[in-house]
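Breakdown of the fold
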Amino acid sequence: MNVELQHFVRRLVVVRPAGRVDAFTVDELKQTLTTALDGGLTELVVDLQAVDFLDSAGMAVLVSALKRARGEGGDVRLIWPVSEGARRILRLTRFDRVFEMLDADWSPTAAGLQVEA
Amino acid sequence: MRRDQCQQLDLIAETSVLAEIGAAVADILQAESPTFVYEAQLAVHEICTNVIQHAYGGDAGRFTLRLKADADGFTVRIEDDGIAFDPAAVSEPDLDVGQEHGYGLFLVRALTDELHYAPGGLHRRNVWHLAKRWPLPSGG
């Protein structure tokens, strides 16, 4: 009897912007997400905990990444920001319904994923 | 205790000034809750971003930002000499589907109590007026 084993790896990337994500600073986040998606990485988590200000330009970049990721069979999930003001804005725009939102205690290892250095 | 304050900024129409605008709003509202400050900052920020990105078609331009806090609330006047904007041409976003455009004006309308726009003309500047009333005291 022959037994064949095949390993498949599904990669998840955590993106952690910090500070302001606005019309002036958003290009760096946009480039980071685009580079990941261009590289075939379609399971993304954007950790907003260190973001202290998010405007519509930042939100547009997140939506653009979401649409592309889902179109390619993946997803973009968001970790809630710490700022209550930012959290309110995400609820106001129903981002918490459009995106799967993750709490601060979420971690890749808790989700059963092995961290690759 | 709130005190009357007024601040005017004359700014170049570039996104590099956005952080300065946020700081000015925070400074005039330093007695308010972080959430109120955030909402005010975002509303002012979105209108200023609109002016920066659309009023001068990418050419150099300037705009004036007047911030005022008094007994009635927080009011903002933003004036520019650029291309007039048509708020009615911006459709409301479909919030059930993520969109890449349209959140800016939606947020400003949701976060302010008054919002008016007067397009300019000959010898007249385009003017945005925003107002946000002070929150009611909590606990009755």
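Here the structure is shown first, and the text comes after it.
Within chain A, the regular secondary structure consists of four helices and six strands. Its helices and strands taken in sequence order, chain A reads β-β-α-β-β-α-β-α-α-β from the N to the C terminus. Each principal axis of the C-alpha atoms in chain A carries an extent, and together these give about 60 × 30 × 25 Å. A total of 117 residues make up chain A; the buried ones form 42% of that total. Once local pairs closer than 6 in sequence are excluded, the contacts in chain A between residues at least 24 apart make up 74%. A total of about 6700 Å² of accessible surface is found on chain A, and carbon and sulfur atoms cover 48% of it. Side-chain charges in chain A split into 14 positive and 17 negative, and the spacing between the mean points of these groups amounts to 6 Å.

We now examine the sheet that holds strand S1 (residues 13-15) of chain A. All names here are of chain A. Across the sheet, four strands lie side by side as S1-S3-S5-S6; this open sheet has parallel pairing. Strands with a single pairing partner mark the edges of an open sheet, and in this sheet they are S1 and strand S6 (100-102). Across the sheet, the axes of successive neighbouring strands diverge by a mean angle of 30°, strand direction being ignored. Together, S1 and strand S3 (43-47) form the strand contacts of helix H1 (residues 26-38), whose direction differs from that of S3 by roughly 160°.

What follows deals with the packing of helix H1 (residues 18-28) of chain B against helix H2 (residues 34-54) of chain B. Residue and element names in this part refer to chain B. Contact pair H1 / H2: the axes reach a minimum separation of 9 Å and the direction vectors enclose 145°. As for the relative orientation of H1 and H2, their crossing is right-handed in sense. Contacts from Leu18, Ile21, Gly22, Ala23, Val25 and Ala26 of H1 reach H2 at Val37, Ala40, Gln41, Val44, His45, Cys48, Thr49 and Ile52. Class assignment of the residues belonging to the contact of H1 with H2 gives a composition of ten nonpolar, four polar and no charged.

This next bit is on the pattern of salt bridges. Any two side chains of opposite charge can pair, given that their charged atoms come close. Tallied over the entire structure, the rule returns 21 salt bridges over all chains. Here Lys67 of chain A and Glu100 of chain B are joined by a salt bridge, their closest N and O atoms 3.9 Å apart. Taken as a pair, Lys67 of chain A in helix H2 (residues 56-71) and Glu100 of chain B in the loop between strand S3 (73-80) and helix H3 (103-111) lie in two separate chains rather than in one. Several salt bridges share partner residues, and in doing so they unite Arg66, Arg77, Glu79, Asp81 and Arg125 of chain B into one network.

So, on to the pairing of S3 of chain A. A regular strand places its side chains so that they alternate between the two faces of the sheet. Residues and elements named next belong to chain A. With five of five residues buried, S3 is to be regarded as a mostly interior element. Of the two faces of S3, the one lined by Glu43, Val45 and Asp47 and the one lined by Leu44 and Val46 are each fully buried. For S1 and S3, the ladder comprises three bridges, and the chain directions are parallel. Bridged to Val13 within S3 is Leu44. By the bridge criterion, five bridges tie S3 to strand S5 (residues 75-79) in an arrangement that is parallel. Among the inter-strand pairings, Val45 is bridged to a residue of S5, identified as Arg77.

Basis of the calculations
- Residues numbered from 1 in each chain as written.
- Chains lettered and ligands numbered in written order.
- Predicted model: local features only at pLDDT ≥ 70, side-chain atom pairs only at ≥ 80, totals over all residues.
- Heavy atoms only, no water.
- Helix = DSSP H or I, 4+ residues; strand = E, 2+ residues; numbered from the N terminus.
- Buried < 20%, exposed > 50% of the residue type's maximum accessible area, 1.4 Å probe, protein only.
- Contact = heavy atoms within 4.5 Å.
- Areas by Shrake-Rupley, 256 points an atom, 1.4 Å probe, with all protein chains shown as cover.
- Lys, Arg positive; Asp, Glu negative; His and termini not counted.
- Charge placed at Lys NZ, Arg CZ, Asp CG, Glu CD.
- Pairing = 2+ DSSP bridges.
- Axes fitted to C-alpha atoms, helices over the stretch in contact; angles between N-to-C directions.
- Left-handed = near helix turned anticlockwise from the far one by under 90°.
- Nonpolar A, V, L, I, M, F, W, Y, C, P; charged D, E, K, R; others polar.
- Salt bridge = Lys/Arg side-chain N within 4 Å of Asp/Glu carboxyl O.

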